[in-house]
Amino acid sequence: MYDTVIIGGGAAGMSCALILGSAKSKPFALDMKVAIVMHQKTSHLQNALFNNVLGLAPGTLGADILTNGKSQLQELYPQIEQIENEKVSSILNTINGFTITTNKNTYQSKRVVIAVGYTNLMTIKGLENYVEPHPRAAIEKERIWLKNENHLVDNNLYVAGTLAGWRSQFAIASGSGAQVATDILTLWNDGKQTKIHDKV
């Protein structure tokens, strides 16, 4: 049983995983088992070029961020399990949380963060009742979102990034994933508002 499983290895998903991982030395996080299903094939970062993101050198490629992000997560926070080469097909509510089924395995988790792209090709069974037209995308693009309030779709079911209704900007998607992570850290820490900062 995982505490949290993040679905999607793009900007929002990896940002969420990095923030959760960075709490590793905190007493409230010591026994929390977290995984990220590192599905990246449909990430818009695959063909992105960045010149307007604070902290990224102009000309940074999204494809490099995908690769380097995985390495950063593994090197700094190896306790976050990276599930490779699997695609989630369904997320079903259970008494104890969620059953997540992929093309290869089944996982149990108390919490789920959905951080996949906002195209209408997203076909994860169990999420149909939350899907609506995206409020911040051109209607002809047929983008979708999972209806939510402050990233919370349903009890212990979160959404981050463009699928949460945000615009398709790298900084926005990353921030959305980080916000969800701090909400989860706050839950872990008995409701005390929690964020993690490294200092020199």
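Refer to the structure presented above.
First, a word on scope: everything that follows refers to the structure included in this document. All of these numbers come straight from a predicted model, not from anything done at the bench.

1. What to know about the side chain of serine 109
No. 1: If you trace the backbone, serine 109 turns up in strand β8 (residues 106-114).
No. 2: For serine 109, a relative accessible area of 0% corresponds to the buried category.
No. 3: Among the polar contacts made by the side chain of serine 109, one reaches the main-chain carbonyl oxygen of tyrosine 2 at a distance of 3.5 Å.
No. 4: Here the side chain of serine 109 touches arginine 111 through a polar contact of 2.6 Å, landing on its backbone oxygen.

2. A word on helix α1 (residues 11-21)
Along an α-helix, residues three or four positions apart point the same way, because every turn accommodates 3.6 residues.
No. 1: With nine of eleven residues buried, α1 lies mostly within the body of the structure.
No. 2: Inspection of α1 places Ala11, Ala12, Gly13, Met14, Ser15, Cys16, Ala17, Leu20 and Gly21 among the buried residues, and these make up the whole buried set.

3. A look at the layout of surface pockets
No. 1: Of the voids in this model, the largest pocket is the one considered here, and its volume is about 410 Å³.
No. 2: Taken together, the elements giving at least two residues each to the lining of the largest pocket come down to α1 and α3 (170-188).
No. 3: Ranked by residue count, the leading element in the lining of the largest pocket is α1, at three residues.
No. 4: Of the residues assigned to the lining of the largest pocket, the class counts are eleven nonpolar, 15 polar and no charged.

4. Focus on the pairing of strand β7 (residues 97-102)
No. 1: Of all six residues making up β7, five are buried, and the element is well covered by its neighbours.
No. 2: From the end of strand β6 (residues 88-94) to the start of β7, which pair antiparallel, there are two residues.
No. 3: In this sheet, β8 lies alongside β7 in antiparallel orientation, the contact comprising four bridges. Note that in β8 the partner of threonine 99 across the bridge is glutamine 108.
No. 4: Between β7 and β8, which pair antiparallel one after the other, the connecting turn spans three residues.

5. Section: the environment of proline 27
No. 1: Mapped onto the elements, proline 27 comes out in the loop between α1 and β2 (34-37).
No. 2: Spatially, the C-alpha atoms of proline 27 and asparagine 189 are 8.8 Å apart, while their sequence positions differ by 162 residues.

6. Points about the packing of α1 against helix α2 (residues 62-76)
No. 1: One can describe the packing of α1 onto α2 by two numbers: an axis separation of 10 Å at closest approach and a directional angle of 20 degrees. Here α1 is positioned roughly parallel relative to α2, judged by the angle of their axes. Once α1 is placed against α2, the crossing between them reads as left-handed. Here α1 contributes Met14, Ala17 and Leu18 to the contact with α2, which in turn contributes Ile65, Leu66, Gly69, Lys70, Gln72 and Leu73.
No. 2: Split into classes, the residues belonging to the contact of α1 with α2 amount to six nonpolar, two polar and one charged.

7. Things to note about the packing of α1 against α3
No. 1: α3 packs onto α1 with a crossing angle of 35 degrees between their chain directions and a minimal axis gap of 7 Å. Seen from above, α1 lies across α3 with right-handed handedness. Counting all contacts with α1, which are made through Ala11, Ala12, Ser15, Cys16, Ile19 and Leu20, the residues of α3 involved are Phe170, Ala173, Ser174, Gly177, Ala178, Val180, Ala181, Thr182, Ile184, Leu185 and Trp188.

8. Digging into the packing of aromatic side chains
Each aromatic ring pair is characterised by the separation of its centres together with the angle its planes make.
No. 1: Per the counting criterion, the structure on display carries two aromatic pairs.
No. 2: Note on phenylalanine 50 and phenylalanine 170: the rings are 4.9 Å apart at their centroids and 50 degrees apart in plane angle, and the pair reads as tilted. In this pair, phenylalanine 50 is assigned in strand β3 (residues 49-50) and phenylalanine 170 in helix α3, connecting sequence segments 120 residues apart.
No. 3: Overall, phenylalanine 50 belongs to the buried group, its relative accessible area being 9%.

Analysis parameters
- Per-chain numbering applies: the sequence of each chain, read as written, is numbered from 1 onward.
- Only residues with pLDDT of at least 70 get local features here, since the model is predicted, and only at 80 or more are side-chain atom pairs given and counted; chain-wide, interface and lining totals rely on the full set of residues.
- Based on all heavy atoms of the structure, the side-chain values leave hydrogens and waters out of the count.
- Secondary structure is summarised from DSSP: a helix means a run of H or I of at least four residues, a strand means a run of E of at least two, and numbering begins at the N terminus for each.
- For every residue, the accessible area (1.4 Å probe, protein chains only) is compared with the maximum for its type, and the residue is labelled buried under 20%, exposed over 50%, or partly exposed between those bounds.
- The term polar contact refers here to a pair of N or O atoms within 3.5 Å; inside protein, the definition further demands a hydrogen-donor-capable atom paired with an acceptor-capable atom, and it admits residues adjacent in sequence only when both atoms are side-chain atoms.
- Here a cavity means grid points, on a 1 Å grid over the protein atoms only, where a 1.4 Å probe fits yet cannot get out; a pocket means an open set of points with protein on both sides within 12 Å along at least five of seven lines; lining residues are those with an atom within 4 Å of a point.
- Grid points are joined across faces, edges and corners, and a volume is the space filled by probe spheres set on the points.
- Gly falls in the polar group here, along with every residue not listed as nonpolar (Ala, Val, Leu, Ile, Met, Phe, Trp, Tyr, Cys, Pro) or charged (Asp, Glu, Lys, Arg).
- By the convention used here, strands pair only if DSSP detects at least 2 bridges between them.
- For helices, the fitted axis covers only the stretch in contact; all axes are lines through C-alpha atoms, and the angles between them, taken along N-to-C directions, range from 0 to 180 degrees.
- Roughly parallel means an angle under 35 degrees; roughly antiparallel means over 145; roughly perpendicular covers 65 to 115; every other angle is labelled oblique.
- Throughout, a crossing is termed right-handed when the near helix is turned clockwise from the far one, and left-handed when it is turned anticlockwise from it by less than a right angle.
- Contacts are assigned to residue pairs with any non-hydrogen atoms lying within 4.5 Å of each other.
- In this scheme Phe, Tyr and Trp rings, the latter by its six-membered ring, pair at centre separations within 6.5 Å, and the angle between planes marks the pair as stacked below 30 degrees, edge-to-face above 60, and tilted otherwise.

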